[in-house]
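Residue-level listing of the chains:
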Amino acid sequence: MVVAQVGCGIFIAHWEGGLRKNKLENPWPDYFSEGKNDSEDSSLRFATCQLLWKQINSETEKIQEELNKQLFDNLISFLRQSHSEFQTKKTEWMCRMKSSEIPTAALVLGVNVTDHDVTFKSLSEVLQDNVTPYVVSLQAKECPGIKHLLQKLMGQLMDCCVDVDSSEEEECVNISQKKIRCSMASLSKWYESVTKKTGSETPSKKRTSSSRHWQSPPIVVIFKDMESFTTKVLQDFIVISSQHIHEFPLVLIFGIATSPMIIHRLLPHSVSSLLCIELFQSLSCKEHLATVIDKLLLTTQFPFKLSEKVLQVLINIFLYHDFSVQNFIKGFQLSIVEHFYSQPLSVLCCQLLEAKKRVNSLSHNQCENIRSLPSFRRYVENQVSEKQIALLTEDSFLKEVTQTLLEDLHIYHENYFTVLRCLHVFTTSLPKYPLGKQIRELYCACLGKRVWETEEYGSAVQLLRMLAKDELVAILQKCAEIFISSGKQFSNTVEKLEEFLARFQNLEGEHVTYCQITLLELKESKRSKKLTKFEMLRFEVVDFIDSLVRSYLAPAEMQTLNEVVYFNTANTLREHLNAAPRIALHTALNNPYCYLKNQTLKSDVGCISNTAPDICIVYKLHLECGRLINLVDWLEAFSTVVTAVEGTDPDSVATDQVDEIIHARFIRAVSELELLGFIKPSKQKTDHVARLTWGGC
């Protein structure tokens, strides 16, 4: 059975037969078609969803690579400098050898810990492709002691059977794999043998390897979560490594989530003085998110869009929970899946040319789905009566109009994002940022309502009418560049902006800033209500921008067929992403049918289902008790329910055997409730437990 309520609950499934036999090649198309009355074109919707996510995922990887490029280039430059000094035996490196300093890169990544794995994975791949094959990634949970750390280090480097304790050498008789003691001396010998073997290769092989890796490549050890490592493990490793730094090039990379000062808090001066530390700062997660939103949402490259409420849910989770861009992208992916699953007309959520082709093949039921859209109903109401009849009765005419409306929606988005960027250039120059500092804030404000009717927009317009000439000219130049890059549809707008710029140049001799106006002159000008040429021109510019906003930044929900490309079910997304474990647990125990969808589990409110699991029966009985629960009474009530379930006569011959089974089931259910935190043992009374939760949750 395929459960449609994905993410609602977790249950153990006992599979019949082997995993390979029951493994479906691709179960997701079935999921798209089941659970919905309208399963038409489910396979096409699934294929479109897959293709769209593949393109978006590729774009996110490209964004990640571009954002990390500068950071990785700086790290490679640091490694190259350290490596060249070791290879050429320069005086500076000799000084480091004498003082036993280890080149160390302190990589500050920020508190978005869930994104660190992606960054370190990319860093390891870059280093292995261009610098050295000897890259080791260590995590604190895998290295509770120095022996475990050395075991992981040598295991990843040598890819062989390693031993922590030398006394166990005789026990390992694996001949196919090498056996080495985990020590820095063994690592030094291994590195020496590997570099000699590389040096003795044929010139052609040597040339091939040197094109990718450096000669005598360094060993790079990455501590992914440096703050989580115990102080003793770090101290021991650094001290041991410093004693062998003259034997092979070693470079450490510390992944830091908080502050570089954590190095000096974890390590005493005698140990930190063994490190030659250089600080590297990654791009902030907010800047990363701004780039992701700009490339994925504020573009016509991808037809899928998020409504204001859905986007606000994802942004709130990012800002108030984890600062994780990867989790934001996963939420975006979930929105795509939910949209294509729940909206039959999402089959048209594709590129414009493909969408027009698909419109021609729509069935009558799908045409009825279009007619039932709220935005299309509003469109029909505004048409003349003859056209209304044709739209509601003739499928062929409806398809023609749908193609036109889809094209209008595409043009709307092209114009929308261009004017939005222009407005953002104006508003970011204002004090206190009435419409937000980030473009995502402005985008959310424009998505949900008519932004020109808001109080924030009114205050922004008033501030714009007080800008100085230099600021206004610089902003107009940026806006002109934005409109020029957007295409020919804004050619008239570009001409108008260039006209404004030319008129501003003719006002060079006039005083145009309020800084040069005394308070008395300002009061006098207000009384006379005479405006200078600059003020009149400034008002004209602001009015022109205001007219663009009113023309092109209408809310998305006002556009016809917006339901095809916009996902607006914020509640569904919030249920999946904002977990409420206590409520979910109470619902599962009080009403198991909600998750299991088993008809036999249906019961009236307040009643105990005859086929409910033992823990559900025990949980419902405990809700009827007070602060202390008598285990004997609880067992008798449980036995009464269970015997009624199984149709067992309490006076039958096998009563003793049934009682033992029921008693065991009761003990197990009570233990599970204790594990979940609903009850605890009580010392106040014998054979009693204390209840810990109230109010049905």
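Structure: see above.
Residues numbered from 1 in each chain as written. Predicted model: local features only at pLDDT ≥ 70, side-chain atom pairs only at ≥ 80, totals over all residues. Heavy atoms only, no water.

**Brief notes about the overall build of the protein**
Part 1: Scanning the protein from terminus to terminus reveals 32 helices and 12 strands.
Part 2: With 697 residues in all, the protein has 43% of them scored as buried.
Part 3: Residue pairs in contact within the protein that sit at least 24 positions apart in sequence constitute 75% of those at least 6 positions apart.
Part 4: Roughly 38,100 Å² of accessible area belongs to the protein as shown, and the carbon and sulfur atoms make up 52% of that amount. (Helix = DSSP H or I, 4+ residues; strand = E, 2+ residues; numbered from the N terminus. Buried < 20%, exposed > 50% of the residue type's maximum accessible area, 1.4 Å probe, protein only. Contact = heavy atoms within 4.5 Å. Areas by Shrake-Rupley, 256 points an atom, 1.4 Å probe, with all protein chains shown as cover.)

**What to know about the pairing of strand 1 (residues 102-108)**
Part 1: Burial runs high along strand 1: seven of the seven residues are buried.
Part 2: Side-chain alternation along strand 1 places I102, T104, A106 and V108 on one buried face and P103, A105 and L107 on a second face that is also buried.
Part 3: Both strand 1 and strand 6 (residues 250-256) contribute to a ladder of five bridges, which runs parallel. By the bridge assignment for strand 6, A105 is matched with I253. (Pairing = 2+ DSSP bridges.)

**Looking at the pattern of salt bridges**
Part 1: Under the defined criterion, the tally for this structure stands at 13 salt bridges.
Part 2: One salt bridge in this structure joins K232 and D236, with 3.2 Å as the shortest N-O distance. Placement of both K232 and D236 in helix 9 (residues 231-242) is noted, with a separation of four residues, approximately one turn of the helix.
Part 3: Among the residues examined, K232 registers a relative accessible area of 58% and is labelled exposed. (Salt bridge = Lys/Arg side-chain N within 4 Å of Asp/Glu carboxyl O.)

**Overview of the sheet that holds strand 12 (residues 688-691)**
Part 1: If you trace the three strands from one edge of the open sheet to the other, you get 10-12-11, paired in antiparallel fashion. Two strands bound the open sheet, and with one partner strand each, they are strand 10 (628-630) and strand 11 (679-681). Between one strand axis and the next, the sheet turns through 35° on average, direction left out of account.
Part 2: Sheet analysis places strand 11 next to strand 12, joined by three bridges and oriented antiparallel. Each bridged residue has a counterpart across the sheet, and for P681 the counterpart in strand 12 is V689. (Axes fitted to C-alpha atoms, helices over the stretch in contact; angles between N-to-C directions.)

**Points about the packing of helix 21 (residues 455-464) against helix 25 (residues 533-552)**
Part 1: Between helix 21 and helix 25, whose axes approach to 10 Å, the crossing angle comes to 150°. Here helix 25 runs roughly antiparallel to helix 21, going by the angle between their axes. On helix 25, the residues that touch Y457, V461 and L464 of helix 21 are R538, V542, D546 and V549.
Part 2: For the contact of helix 21 with helix 25, the class distribution of residues is five nonpolar, no polar and two charged. (Parallel < 35°, antiparallel > 145°, perpendicular 65-115°, else oblique. Nonpolar A, V, L, I, M, F, W, Y, C, P; charged D, E, K, R; others polar.)

**Some details on the packing of aromatic side chains**
Part 1: In the structure shown here, the tally under the stated rule is 21 aromatic pairs.
Part 2: Seen in terms of ring centroids, Y134 and W190 are 5.4 Å apart; in terms of plane orientation they differ by 75°. Their pairing is edge-to-face. Highlighted residues: Y134 in the loop between helix 5 (116-130) and strand 2 (135-138) and W190 in helix 7 (residues 184-199), separated in sequence by 56 residues. In this structure, Y134 and W190 share a single accessibility class: buried.
Part 3: Aromatic pair F638 and F666: ring centres 5.7 Å apart, planes at 45°, arrangement tilted. Of this pair, F638 sits in helix 31 (residues 631-646) while F666 sits in helix 32 (residues 655-676), and the two are 28 residues apart along the sequence.
Part 4: Through a chain of ring-to-ring contacts, three or more aromatic side chains come together here, namely Y134, W190, Y191 and F248.
Part 5: Lying over the aromatic face of Y593, K597 brings its terminal NZ or CZ to 5.6 Å of the ring centre. (Phe/Tyr/Trp six-rings, centres within 6.5 Å; stacked < 30°, edge-to-face > 60°. Lys NZ or Arg CZ within 6 Å of the ring centre and 35° of its normal.)

**Quick notes on the sheet that holds strand 2**
Part 1: Taken together, the five strands give an open sheet; going across it, the order is 2-5-6-1-7, and neighbouring strands pair in parallel fashion. Sheet topology places strand 2 and strand 7 (275-281) at the edges, where each strand pairs with a single neighbour. With direction set aside, neighbouring strand axes in the sheet form an average angle of 20°.
Part 2: Pairing of strand 1 with strand 7 involves seven bridges; the strand directions are parallel. Bridge pairing in strand 7 places V108 opposite Q281.

**A few points about the pairing of strand 2**
Part 1: The two faces of strand 2 match: V135 and S137 on one face and V136 and L138 on the other face are all buried.
Part 2: Here strand 2 pairs with strand 5 (residues 219-223) via four bridges, running parallel. Bridging across to strand 5, V135 finds its partner in V220.

**Regarding the packing of helix 12 (residues 285-296) against helix 14 (residues 325-342)**
Part 1: Taken N-terminus to C-terminus, the directions of helix 12 and helix 14 make an angle of 25°; their axes are 10 Å apart at the nearest point. By the angle between their directions, the pair helix 12 and helix 14 is classed as roughly parallel. Crossing handedness for the pair helix 12 and helix 14: right-handed. For the pair helix 12 and helix 14, the contacting residues are C285, H288, L289, V292, I293 and L296 in the first and V325, F328, I329 and F332 in the second.
Part 2: Here the residues of the contact of helix 12 with helix 14 sort into nine nonpolar, one polar and no charged. (Left-handed = near helix turned anticlockwise from the far one by under 90°.)

**Topic: helix 20 (residues 439-448)**
Part 1: The element helix 20 is largely enclosed, with a buried count of seven among its 10 residues.
Part 2: Considered for burial, the residues of helix 20 that qualify are I439, R440, L442, Y443, C444, C446 and L447.
Part 3: Tucked into the core, helix 20 has its buried residues touching helix 12, strand 8 (305-306), helix 13 (308-322), helix 19 (395-427) and strand 9 (566-567).

**Re the state of the cysteines**
Part 1: Tallying each qualifying case throughout the model produces zero disulfides.
Part 2: Unpaired in terms of disulfides, C49 finds its nearest cysteine sulfur in C349, a separation of 9.3 Å.
Part 3: Summary of cysteine pairing: C446 is not part of a disulfide, and the nearest cysteine sulfur, belonging to C444, is at 9.5 Å.
Part 4: On the accessibility criterion, C446 (0% relative accessible area) is buried. (Disulfide = S-S within 2.5 Å.)

**Notes on the side chain of S346**
Part 1: Examined against the element boundaries, S346 turns out to sit in the loop between helix 14 and helix 15 (352-360).
Part 2: Separated by 3.5 Å, the side chain of S346 and the backbone oxygen of F340 make a polar contact.
Part 3: Apart from the residues within four sequence positions on either side, S346 is in contact with R45, H339, F340 and V564. (Polar contact = N/O pair within 3.5 Å; in protein donor to acceptor, adjacent residues only side chain to side chain.)

**Regarding unusual backbone geometry**
Part 1: Of note in the backbone geometry, F323 takes a positive phi value of approximately 55° without being a glycine.
Part 2: On the secondary structure map, F323 appears in the loop between helix 13 and helix 14.
Part 3: One non-glycine residue, L561, lies in the positive phi region at around 65°.
Part 4: Within the secondary structure layout, L561 lies in the loop between helix 25 and helix 26 (562-565).

**With respect to helix 28 (residues 581-590)**
Part 1: Three or more residues of helix 28 are buried, namely H586, A588 and L589. Taken around the axis of helix 28, the buried residues stretch over an arc of 165°, which confines them to a single face. (Arc of directions from axis to C-beta.)

Purely spatial values, then, with no claim about function.
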